[in-house]
Amino acid sequence: MDEIKNKFWAIGGGKGGVGKSIVTLMIGASLAKLGNKVMIVDADLGGSNLHTLVGIRYPKNTLADFISKKVETIDEVIMDTPVENMKIICGADDILGMANPKYTQKTRLLNHLKRLDADFILLDLGAGTSFTTIDFFLYAPNKIVVLTPQITSIQNAYGFIKASLFRCLNDIFSKEDRALELIKRLSSPVNGEGIDSVAKLCDEFKALGEQQQESLLNCINSLNIKLIVNMVKDTKEKNVGNIVRSVAKNYLGLTIEDLGVVQFDNILNTSINNMAEFLTKRRDSMASVHFYDIASNIIKSCQRSSSGSLALDAPKISA
Ligand SMILES: Nc1ncnc2c1ncn2[C@@H]1O[C@H](COP(=O)(O)OP(=O)(O)OP(=O)(O)O)[C@@H](O)[C@H]1O
Ligand SMILES: [Mg+2]
């Protein structure tokens, strides 16, 4: 169980271009260089480009082949990367409708991913808050939200976290009309009948019984979200994660951890067209150092989790 808990990490963030794919790639490479077997998965089903970043121009097999059952097992779509110990499952944007796979397709994909021979499986998510993106995020026991110091990115990161919580709550209470009504009053207050925080929602849930209240608290506590602030240019910007953390705490009741800060690095930025060389040869990048620190934090967090101080069960996904 610990193995699965520690294995899956989803990297999301709501906004496009904040560095989700770079974060996936660089954390993956750092974990691999530290001796772990890593699989990076392009779960950005509408706009995949993770393969380009590892120097693969035309992936031979992609998730589309697996989802459409052109191949039977996920092993058949795994490809090598320039980094030893790190493999990739390339994304799929070449079949109409692939960005929104059906419930059965999602479940089959996640079941196969679960069985992969890897210490870490990193899911690079697409931008936005589509159900598919949020479901992948919720499925992973470990969730990373990437943001930059830009105000729009801060807003989108918070929006993404909020959308994930509501998706999770709506799923858990899908058959409980009274609970759903209360959740709706929190998500979109109307006619002054709103509930303005999860703490108040918990109070209102008292009337529904102890079990319902406990399910609500379990859902909130199972959302193990960590933040990475990327493309930081000065010391002041390092603290923008605090804004998201304090709003998420006060309004959503979520405790969000800091996983680390990554500097805006011109060497990385100008290496985008040749990341294979950057990953294997460049040793002079500040961002690489920061990603190593983050990878170490991830390993430490897994060690804590294995010793029982974290309780993270993957919430089930919805149709
Ligand atoms: N730490 C960094 N320093 C400098 N540039 C960076 C850094 N992180 C990301 N970038 C730049 O930002 C660009 C966008 O990054 P990336 O493609 O990872 O974003 P994304 O969030 O995955 O975008 P999308 O939502 O479109 O998938 C990169 O091509 C790179 O130029
Ligand atoms: Mg991306």
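Residues numbered from 1 in each chain as written. Chains lettered and ligands numbered in written order. Predicted model: local features only at pLDDT ≥ 70, side-chain atom pairs only at ≥ 80, totals over all residues. Heavy atoms only, no water.

S.K.: Looking at this structure, how should I read the site of ligand 1?
M.R.: Around ligand 1 sit 18 residues in total, of which Lys20, Ile22, Asn230, Asp265 and Asn269 are the nearest. The separation between an oxygen atom of ligand 1 and a polar main-chain atom of Val18 is 3.1 Å. Side-chain polar atom of Asn230 to a nitrogen atom of ligand 1: 2.9 Å apart, as the coordinates give it. Coverage of ligand 1 by the protein amounts to 83% of the 640 Å² it exposes when considered alone. The dominant element in the shell around ligand 1, judged by the number of residues it contributes, is helix H2 (residues 20-33), at 3 residues. Of the residues assigned to the shell around ligand 1, the class counts are 8 nonpolar, 7 polar and 3 charged. (Near = heavy atom within 4 Å. Polar contact = N/O pair within 3.5 Å; in protein donor to acceptor, adjacent residues only side chain to side chain. Areas by Shrake-Rupley, 256 points an atom, 1.4 Å probe, with all protein chains shown as cover. Helix = DSSP H or I, 4+ residues; strand = E, 2+ residues; numbered from the N terminus. Nonpolar A, V, L, I, M, F, W, Y, C, P; charged D, E, K, R; others polar.)

S.K.: How should the pairing of strand E6 (residues 142-147) be read in this particular structure?
M.R.: Put simply, side chains in a regular strand alternate between the two faces of the sheet. Here E6 lies mainly inside the structure; 6 of its 6 residues are buried. Every second residue of E6 is oriented toward a common face, with Asn142, Ile144 and Val146 on one face and Lys143, Val145 and Leu147 on the other, all of them buried. Where strand E1 (residues 8-12) and E6 come together, 4 bridges link them in parallel fashion. What sits directly across from Trp9, in E6, is Asn142. In terms of strand pairing, E6 meets strand E7 (residues 225-232) through 5 bridges, oriented parallel. Its bridge partner being in E7, Val145 is matched across the sheet by Leu227. (Buried < 20%, exposed > 50% of the residue type's maximum accessible area, 1.4 Å probe, protein only. Pairing = 2+ DSSP bridges.)

S.K.: Got a minute to help me understand the sheet that holds strand E3 (residues 78-80) in this structure?
M.R.: By definition, the strands of a sheet pair up through backbone hydrogen bonds, in either a parallel or an antiparallel sense. The sheet built from 8 strands is open, its strands ordered E3-E4-E2-E5-E1-E6-E7-E8 with mixed pairing. Edge strands, defined here as strands with exactly one partner in the open sheet, are E3 and strand E8 (257-263). The sheet shows a mean angle of 25 degrees between the axes of neighbouring strands, direction not considered. Sitting on the sheet, helix H11 (residues 240-252) is in contact with E6, E7 and E8, with an inclination near 155 degrees to E7. Docked against the sheet, helix H14 (residues 286-306) engages E1, strand E5 (120-125), E6, E7 and E8, running at close to 165 degrees with respect to E8. (Axes fitted to C-alpha atoms, helices over the stretch in contact; angles between N-to-C directions. Contact = heavy atoms within 4.5 Å.)

S.K.: Explanation requested: the nonpolar core in the structure shown.
M.R.: Nonpolar side chains in soluble globular proteins generally cluster together in the buried interior. Within the largest apolar cluster, 66 residues are counted, with the highest numbers of intra-cluster contacts made by Leu113 and Leu123. Looking at this core element by element, the count peaks at 9 residues for helix H7 (residues 151-172). Those residues in contact with Leu113 that sit more than four places away from it in its chain are Phe8, Val41, Ile74, Ile89, Ile121 and Leu123. (Core = buried A, V, L, I, M, F, W, Y, C linked by side-chain atoms within 4.5 Å.)

S.K.: I'm lost on the pairing of E5 in this one. Help?
M.R.: Among the 6 residues in E5, 6 count as buried, and that is most of the element. Because side chains alternate across E5, one face comprises the buried residues Phe120, Leu122 and Asp124, and the other comprises Ile121, Leu123 and Leu125, equally buried. Pairing geometry for E1 and E5, over 4 bridges, is parallel. Bridge assignment links Ile11 to a residue of E5, and that residue is Asp124. Sheet topology note: the strand E2 (residues 38-43)/E5 ladder contains 6 bridges and is parallel. For Ala43, the partnering residue across the bridge sits in E5 and is Leu125.

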